[in-house]
Structures are given as structure tokens and as C-alpha cells.
Amino acid sequence: MTPPFPFRILATAQALPQRVVTTQEVARLCGVPAELAQARSGVTERRWLSASESALSLGVQAAQRALAEANLNPNEVDVLLNASGSQLQPIPDGAPLIARALGLSGLAAYSLHATCLSFLLALQHAALLIAGGQARHVLIVSSESGSLGLNFAQAESSLLIGDGAAAVLLGPAEHEAQGLHAARFETYPEGAEHTRIRAGGSLLNDRSPEIRREDYLFEMQGLGVLKLAGRVVPGFLERLRPGLSAGLPGIQRVIPHQASAAGLSLMRRYGWPEDQVEVTLPHLGNVIAASLPLTLHQALSTGRARGGDTLLLVGTGAGLTVGGLIVRL
């Protein structure tokens, strides 16, 4: 079956910070018992940026590695998409900064931002560009520095977040059936306050009399996210592909956003066999928008996902937004 939007994944790559941070170390910062922190978060270790690293340097490294893996000259990239939840700076957009570091000029470079689902949105957008003949090669970069915005007084989120970058290079389909077969995004704004950073935009900024330092840090109400997701995700899955809320019809591997141990455990309710679900949470944590491409990279580099397989890429993001793509390799 020829997909509506044919494309092919030419290469994936990752770039991780050098600093490995154990859950015991984060638990001390948060003032909680290490064993409890491990049990609740499901994270054993994660990477945090060192003083010599940045989200920009990691994103550029991942992009360079993906280009080298595909044996593609950077000047052959038509569109560069920055798909990151944590932004390098407000203006200009982070994509021109990545393009400049790669030595690129004259191509289209811009961001698609949907917090943890930014990569999924960018992958859908890239598929549309390639299928429509507007681009031949699209490079997606997701690079995160969430550790810089943690509030250690809120252990729930601080124990989850890791840093890292991934890049995915896309090109024209090589075989029939390769590409994007289905895509869906739904937003439930009643969950908008469950995951947020309040300050830094026009609603709350340095001129606001009530501004606090904590307003610039990440806050999460995990129980609220789980309750809302538990209510809306089954219906979303059925609208993406009938049968997904009770199994994996036609799906060989699930590439989920690594939101939390509790979030991953919800998938058992849908009858998804654990051996078909790719997991990176224990050793990388929740790397915001980079979680999905990092997990995709792991599945492809280990051979657990291979040519001809159909993948379900799925997750939730702040908003609350639910998103999913069905992609044939």
C-alpha cells in the first residue's frame, strides 16, 4: 500500500552530554530517599549538560553525525527543522543558529514547537514537504537542556528530566509503502496548567510586579497529567487507527515519548506487549522533545526496528497535547 506521504529515514544520530547523573545524586538535591526516587521515577541515570556543553553544541553534533551516516553533504539539505521543547533563545529562532553552526546559508530553517511532541510535529511537516515536492532532504534536530530549568523543590519533575540531542535526516521514499500512513494531534487545554514554565513570555516577565525566580522553572502536576491522559488517550488511539486502544494492529514496534514510568505503564492497559515497546527512560530520563528521536535512534541502531516495519510514534506534551504517527520504514 502506497502511503499518502512517502518518505524514507536516511539516518538518525544522537549526541549526549558527557556528564552522567545518577538518581541518587538528584535525590540528594531534592531531599528525598534514593530508593523511593528510583521506584517512582523509573530513571536510574540521565545526562546533564556540563559547563563546556550547550543544547546548541549537542544539536550540531547530532546533525553532523546524521549527515555523515547518510553520506550527505550539508549543502544538500533543503530544510532544517528545529524541533525542541527548550529554546536556545527567544529571537532569532534556534534553527538559524544551528544552520550557522553547520555552515549552511540560503536554506529554509525554522522551528516547530509542541513541547515534548515537537519532533512528531516536525516529522509530519517534513513528510508533507517531501511528498509535495517542496524539499528533497529535510534535517530535523531536537536538542534539549531541561536540566537548566529544574526546580529541586519539585522532586517529581526533577527526577525525570535529562539532556541530550538527536537528529533525523529524511529523503524521498525508495520502496513502495515507505512513509507516513497516518497522523493525528489532539489538544485538551484543560490540562494547560499541568506542565508549564510560567515566566519568560509576554504574560509574565521581568516587568511583572509579581514575578518570582521559581516562575522561570519547570513545574509539573504528574497526577493531573496521568488522569487526563488516561481519559483521552484511548479515544485518540482509536481515531488514529481503530484497534490501537486494545492492541497493535499492523504495528511491529512502538516508539513512545518517555514521559515517566507511570506514563509508560499506561500502555499496558492497551494490550501492547512490552517486548514491542522501545524504552530509553531508565538510562536517559525524559529528554523532552528529544526523547522520541533518541528512542527511534535506539530502535534503529539496535536492529529492533528495521526496513519494512511499521512503527507507531506516540506521546503526550504540555497543553495537554496527544500526538501519534504511523510510519512504514
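Residues numbered from 1 in each chain as written. Predicted model: local features only at pLDDT ≥ 70, side-chain atom pairs only at ≥ 80, totals over all residues. Heavy atoms only, no water.

A few words now on the UniProt feature "domain: Beta-ketoacyl-[acyl-carrier-protein] synthase III N-terminal" (unreviewed entry) in the chain. The positions that UniProt labels "domain: Beta-ketoacyl-[acyl-carrier-protein] synthase III N-terminal" (unreviewed entry) are, in the present scheme, residues 112-187. With 24% helix and 32% strand, residues 112-187 has its two end C-alpha atoms placed 16 Å apart. (UniProt positions renumbered as here; feature names shortened; annotations may be inferred. Helix = DSSP H or I, 4+ residues; strand = E, 2+ residues; numbered from the N terminus.)

Feature annotation in UniProt places "domain: Beta-ketoacyl-[acyl-carrier-protein] synthase III C-terminal" (unreviewed entry) on residues 251-328, given in this structure's numbering. In residues 251-328, helix accounts for 26% and strand for 26%; the two terminal C-alpha atoms are 9 Å from one another.

In helix packing, the relevant descriptors are the interaxial angle and the interaxial distance, both defined with respect to the helix axes. Their axes nearest at 9 Å, the elements helix H1 (residues 23-30) and helix H2 (residues 34-41) cross at an angle of 110°. In this view, H1 runs roughly perpendicular relative to H2, as classed from their interaxial angle. As for how H1 packs across H2, the hand of that crossing is right-handed. For the pair H1 and H2, contact is made by Thr-23, Gln-24 and Ala-27 and by Ala-34, Ala-37 and Gln-38, respectively. Of the residues contributing to the contact of H1 with H2, the split by class is three nonpolar, three polar and no charged. (Axes fitted to C-alpha atoms, helices over the stretch in contact; angles between N-to-C directions. Parallel < 35°, antiparallel > 145°, perpendicular 65-115°, else oblique. Left-handed = near helix turned anticlockwise from the far one by under 90°. Contact = heavy atoms within 4.5 Å. Nonpolar A, V, L, I, M, F, W, Y, C, P; charged D, E, K, R; others polar.)

We now examine the packing of aromatic side chains. Taken as a whole and judged by the stated rule, the model has two aromatic pairs. Between the aromatic rings of Trp-48 and Phe-152, the centroid separation amounts to 6.1 Å while the plane-to-plane angle is 40°, which identifies the pairing as tilted. Of this pair, Trp-48 sits in strand E3 (residues 45-48) while Phe-152 sits in the loop between strand E6 (138-144) and helix H6 (155-158), placing them 104 residues apart in sequence. On the accessibility criterion, Trp-48 (5% relative accessible area) is buried. (Phe/Tyr/Trp six-rings, centres within 6.5 Å; stacked < 30°, edge-to-face > 60°. Buried < 20%, exposed > 50% of the residue type's maximum accessible area, 1.4 Å probe, protein only.)

On to empty space enclosed by the protein, then. Under the definition given, this model contains one cavity of 30 Å³ or more. Counted as a void, the largest cavity has a volume near 40 Å³. Classifying every residue of the lining of the largest cavity by side-chain character gives four nonpolar, four polar and no charged. (1 Å grid on protein atoms, 1.4 Å probe; cavity = no way out; pocket = protein on both sides within 12 Å on 5 of 7 lines; lining within 4 Å. Points joined across faces, edges and corners; volume = space filled by probe spheres on them.)

To continue, consider the environment of Glu-25. Mapped onto the fold, Glu-25 is located in helix H1. Reaching out from Glu-25, the side chain makes a polar contact with the side chain of Arg-19 at a distance of 2.9 Å. (Polar contact = N/O pair within 3.5 Å; in protein donor to acceptor, adjacent residues only side chain to side chain.)

What follows covers unusual backbone geometry. Note that the residue after Ile-91, namely Pro-92, is joined by a cis bond; omega there is -5°. Here Pro-92 lies in the loop between strand E4 (79-82) and helix H4 (94-101). Going from Gly-319 to Leu-320, the amide bond is cis rather than trans, its omega being -15°. For Leu-320, the position within the fold is in the loop between strand E12 (310-317) and strand E13 (321-328). Non-glycine residue Asn-71 carries a positive phi angle of around 55°. Taking the relative accessible area as the measure of exposure, Asn-71 reaches 72% and is therefore exposed.

This brings us to the nonpolar core. Soluble, globular proteins show a tendency: their nonpolar side chains are buried together. One finds Phe-7, Phe-119, Leu-123, Ile-140 and Leu-170 to be the most contacted residues of the largest nonpolar core, which totals 31 residues. Within the residue set of this core, elements represented by two or more residues are E4, helix H5 (118-131), E6, strand E7 (164-171), helix H10 (291-301), E12 and E13. Counting residues per element, this core draws most heavily on H5, at eight residues. Among the domains, domain 1 (5-171) and domain 2 (179-328) are the pair contributing at least three residues each to this core. Ignoring anything within four residues of it in the chain, the contact list for Leu-123 reads Phe-7, Ile-140, Leu-170, Leu-313, Leu-325 and Val-327. Residues Ile-251, Trp-272, Val-314 and Leu-320 belong to the second largest nonpolar core, which totals 27 residues. (Core = buried A, V, L, I, M, F, W, Y, C linked by side-chain atoms within 4.5 Å. Domains from an automatic or database assignment.)

As a further point, take the sheet that holds strand E5 (residues 108-111). With mixed pairing, five strands are arranged side by side in an open sheet as E1-E7-E6-E4-E5. Looking at which strands have only one partner, the edges of the open sheet turn out to be strand E1 (8-15) and E5. Each neighbouring strand pair of the sheet contributes to a mean axis angle of 15°, computed without reference to strand direction. Bridge count for E6 against E7 is seven bridges, and the pairing is antiparallel. For Val-141, the partnering residue across the bridge sits in E7 and is Ala-167. Its contacts with the sheet put helix H3 (residues 55-69) on E1, E6 and E7, and the angle it makes with E1 is roughly 140°. Along the sheet, H5 makes contact with E4, E5, E6 and E7, crossing E6 at roughly 170°. (Pairing = 2+ DSSP bridges.)

Moving on, we come to the domain arrangement of the chain. When the domains of the chain are assigned, the result is domain 1 (5-171) and domain 2 (179-328). Taken over C-alpha atoms, the centre of domain 1 sits 15 Å from the centre of domain 2. Every contact between the two is made by 45 residues of domain 1 and, on the other side, 44 residues of domain 2. For the pair domain 1 and domain 2, the summed buried area comes to about 3,500 Å², and 71% of that belongs to carbon and sulfur atoms. On the surface where domain 1 and domain 2 come into contact, there are eleven residue pairs in polar contact (both at pLDDT 80 or more). With seven residues, H5 is the single largest residue contributor to the side of domain 1 that touches domain 2. For the side of domain 1 that touches domain 2, a count of residues per class yields 21 nonpolar, 18 polar and six charged. (Buried area = accessible area lost by both parts, 1.4 Å probe.)

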